[in-house]
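# Overview (structure and organization)
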Amino acid sequence: MISLVKLLNEILIKEGGNVFKNSEYDAQNILLNNIQPTVNKFAEDLGKLFPSKRISFKELTDKNNWLGSTGRKPESGDVDLAYTSDNFFINGKPDTKGWELDENEFNTLYEKLKKASRVATVEQIQIKALIQLIVKKINSNGGDLFSSDKAAGAGSIHFSYPQYTPSGEKLDTRAQLDLDIGDMDWLKFRFNSELPKEDPQIKGLHRGQLMLAMFAATGYTFKSGKGFVRKDTGEIIADKPQSAIEVFNDEYKPQAPLTLEIINNYNKLMDYVKNNLKPEDKDATLNMFREALKRAEAYVPDNI
């Protein structure tokens, strides 16, 4: 029998949430009009600290690289920005020089993390080591940039940063800006979605966790920024989202084929789960989804 607790742990990917709560860097919601000027200034300050990466930070200002509901609602609890993991490597090797990090310090930290890890890939451990050293450099530099060392991992970097208005005024309040790291196609597939207008409390988190619960119940685990793998073998099933859906249809053989249009829309995906999965997989999916929302202290929709 499938362990729902085990499956739930597999789908729980931390989203949103103020990681700076009850600290001097506590972040507040940010108004829609303030997001673009805040991200612009944020990218500029990162570029000053890491000049070799200035062009990569400029890409953060492009709305096409904003994830989830960022820029699509009157205000956001945090700002999710897609950042390709390619920026951490050069010619297949960790780019310590580009990030102006000490190579010996990186090698020492990498070996330490490698010994402590059981399932992470070499690339994931390398990125994690780079991120920890990047966070250390940011916080030792002072200024407006501050990053959480407790929440830093291979999949994200969380920043607390002052908010700016369209006129360039610097406010007394700060916002949480998250760099979500990985393959750009998978990041957008994972976080972006069409949200139901009839229920404004449903966010990108809901569609994302429902999707993860469905795949977990049917035999797949999501690796942040990498895509889906078979739980029984650990094999990556596809290199792009559309290919992963094709594999799902071929292997699971649902009553009706899953499509990108369905999986990108919360309401359509919910209907799909209820009408096309085997009864036991439908129940497991909805139970995991409900519990994931409760653990995230998120709104639980009535249509579960």
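Now for a look at the structure at hand. None of the values given here were measured: they were computed from a predicted structure.

## Some points on the sheet that holds strand β6 (residues 146-147)
- Spatial strand order, β3-β8-β7-β6: 4 strands in an open sheet with mixed pairing. Two strands bound the open sheet, and with one partner strand each, they are β3 (79-84) and β6.

## As for the pattern of salt bridges
- Enumeration according to the criterion identifies 12 salt bridges in this entry.
- Measuring nitrogen to oxygen at the nearest pair gives 2.9 Å for the salt bridge that ties lysine 170 to aspartate 144. Of this pair, lysine 170 sits in strand β8 (residues 170-182) while aspartate 144 sits in the loop between α5 (122-141) and β6, placing them 26 residues apart in sequence.
- For aspartate 144, a relative accessible area of 23% gives the class partly exposed.
- Residue arginine 230 is joined to glutamate 251 by a salt bridge in which the shortest nitrogen-to-oxygen separation is 2.2 Å. Here glutamate 251 lies in helix α8 (residues 241-252) and arginine 230 lies in strand β10 (residues 227-230), a separation of 21 residues in the sequence.
- Taking relative accessible area as the criterion, glutamate 251 reaches 35% and is therefore assigned partly exposed.

## A look at the packing of aromatic side chains
- By the definition in use, this model includes 23 aromatic pairs.
- A centroid spacing of 5.5 Å and a plane angle of 70 degrees characterise the contact between phenylalanine 42 and tyrosine 161, whose relative ring orientation is edge-to-face. With phenylalanine 42 in helix α2 (residues 32-49) and tyrosine 161 in strand β7 (residues 156-164), the pair connects residues that are 119 residues apart, well separated along the chain.
- Centroid distance phenylalanine 50 to tryptophan 99: 5.0 Å. Interplanar angle 70 degrees. Geometry classified as edge-to-face. With phenylalanine 50 in the loop between α2 and α3 (54-58) and tryptophan 99 in the loop between β5 (93-94) and α4 (103-116), this residue pair connects regions lying 49 residues apart in the sequence. The same class applies to phenylalanine 50 and to tryptophan 99, which are both buried.
- An aromatic cluster of three or more residues is present, and its members are Trp186, Phe189, Phe215, Tyr220, Phe222, Phe228, Phe248 and Tyr252.
- Sitting over the ring of phenylalanine 191, arginine 190 keeps its end group 5.0 Å from the ring centre.

## Structural notes on the packing of helix α6 (residues 184-191) against helix α7 (residues 204-217)
- Across the interface, α6 lies against α7 with an axial gap of 8 Å and an inter-helix angle of 105 degrees. Between α6 and α7, the angle falls in the class roughly perpendicular. Side by side, α6 and α7 meet where Phe189, Arg190 and Phe191 of the first sit next to Gly204, Arg207, Gly208, Gln209, Met211 and Leu212 of the second.

About the cut-offs
- Residues numbered from 1 in each chain as written.
- Predicted model: local features only at pLDDT ≥ 70, side-chain atom pairs only at ≥ 80, totals over all residues.
- Heavy atoms only, no water.
- Pairing = 2+ DSSP bridges.
- Helix = DSSP H or I, 4+ residues; strand = E, 2+ residues; numbered from the N terminus.
- Salt bridge = Lys/Arg side-chain N within 4 Å of Asp/Glu carboxyl O.
- Buried < 20%, exposed > 50% of the residue type's maximum accessible area, 1.4 Å probe, protein only.
- Phe/Tyr/Trp six-rings, centres within 6.5 Å; stacked < 30°, edge-to-face > 60°.
- Lys NZ or Arg CZ within 6 Å of the ring centre and 35° of its normal.
- Axes fitted to C-alpha atoms, helices over the stretch in contact; angles between N-to-C directions.
- Parallel < 35°, antiparallel > 145°, perpendicular 65-115°, else oblique.
- Contact = heavy atoms within 4.5 Å.

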